Amino acid sequence: MKKVFYAQVGGLYYPLVFSLGAKRRMVEINKALKPIQKAIGNKNIKTLSDDEKLEVFGEAMDGVGLIGEILIQQGAAYNNCFASNERIRSNSAVDENGKWRGLSSEEILNLLNDDEIEKFVSAMMNCLSSANGDIKTKLKNPKK
């Protein structure tokens, strides 16, 4: 099982970890996943009005920001404890002391470039689906 995933936000690479600390926030994560699933699974997106598209996209991005914040905070904490000397690239998100930095949901939404969104969501989903144990996340609604 891969423990640490990396995603680019604003040109810097941040670690994402689905740890027990993140699992403790599963209610928030599952709630934030619903609008993302709705946006990904909406085959009728072209028929929506511009306002409806903005609403669907906005709710999905709020979910991306919240889940990203949780996973990045856990990833930074994990790397600072167990892999503080590891750098994946020269543009790793570390401070002047070499400590991995976290991001708030708002910072993610402000810093995430348009060309980074798809890869960020993919890394986030890979991280969420990497966990062993009883808690699993699903991208598709099994009732459909």
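Figured I'd write up the structure that's included with this text. No experiment lies behind these values; they were computed from the predicted model shown.

1. So, the overall build of the chain
So, step 1. Summing up its helical and strand segments, the chain has five helices and two strands in all.
So, step 2. Of the regular secondary structure in the chain, the N- to C-terminal order runs β-β-α-α-α-α-α.
So, step 3. With 144 residues in all, the chain has 40% of them scored as buried.
So, step 4. Look at the contacts in the chain between residues 6 or more apart in sequence, and 73% of them connect residues 24 or more apart.
So, step 5. With an accessible surface of roughly 8,900 Å², the chain has 50% of that area assigned to carbon and sulfur atoms.

2. Observations concerning the nonpolar core
So, step 1. Grouped together as the largest cluster of nonpolar side chains are 31 residues, with contacts concentrated most on Ile-29, Ile-67, Leu-71, Phe-120 and Met-124.
So, step 2. When residues of this core are traced back to their parent elements, those giving at least two are strand S1 (5-9), strand S2 (12-16), helix H2 (26-41), helix H3 (50-82) and helix H5 (117-128).
So, step 3. For this core, the element with the most residues is H5, which contributes eight residues.
So, step 4. Discounting chain neighbours no more than four positions away, the residues touching Ile-67 are Ile-29, Ala-32, Leu-33, Ile-36, Met-124 and Leu-128.

3. Some points on the environment of Gln-73
So, step 1. Among the structural elements, Gln-73 can be located in helix H3.
So, step 2. Those residues in contact with Gln-73 that lie beyond four places of it in its chain are Arg-25 and Leu-103.

4. A word on the pattern of salt bridges
So, step 1. Within this structure, the stated rule accounts for one salt bridge.
So, step 2. The salt bridge involving Arg-25 is made with Glu-28; its shortest N-O contact spans 2.9 Å.
So, step 3. Residue Arg-25 is classed as partly exposed on the basis of its relative accessible area, which comes to 22%.
So, step 4. Note on Glu-28: relative accessible area 33%, which makes it partly exposed.

5. Some remarks on the packing of aromatic side chains
So, step 1. One pass over the full model with this rule turns up two aromatic pairs.
So, step 2. Taken together, a centroid distance of 5.1 Å and an interplanar angle of 50° make the contact between Tyr-78 and Phe-82 tilted. Here the residue Tyr-78 and the residue Phe-82 both occupy positions in helix H3, the gap between them amounting to four residues, near one helical turn.
So, step 3. Overall, Tyr-78 belongs to the partly exposed group, its relative accessible area being 26%.
So, step 4. On the accessibility criterion, Phe-82 (63% relative accessible area) is exposed.

6. Considerations on the environment of Ser-105
So, step 1. Among the structural elements, Ser-105 can be located in helix H4 (residues 105-111).
So, step 2. A sequence separation of 35 residues divides Ser-105 from Ile-70, and the C-alpha atoms of the two residues are 8.4 Å apart.
So, step 3. If near-sequence neighbours (up to four positions away) are discounted, Ser-105 is found in contact with Asp-62, Gly-65, Leu-66 and Glu-69.

Each value, and the rule that gives it
- Residues numbered from 1 in each chain as written.
- Predicted model: local features only at pLDDT ≥ 70, side-chain atom pairs only at ≥ 80, totals over all residues.
- Heavy atoms only, no water.
- Helix = DSSP H or I, 4+ residues; strand = E, 2+ residues; numbered from the N terminus.
- Buried < 20%, exposed > 50% of the residue type's maximum accessible area, 1.4 Å probe, protein only.
- Contact = heavy atoms within 4.5 Å.
- Areas by Shrake-Rupley, 256 points an atom, 1.4 Å probe, with all protein chains shown as cover.
- Core = buried A, V, L, I, M, F, W, Y, C linked by side-chain atoms within 4.5 Å.
- Salt bridge = Lys/Arg side-chain N within 4 Å of Asp/Glu carboxyl O.
- Phe/Tyr/Trp six-rings, centres within 6.5 Å; stacked < 30°, edge-to-face > 60°.

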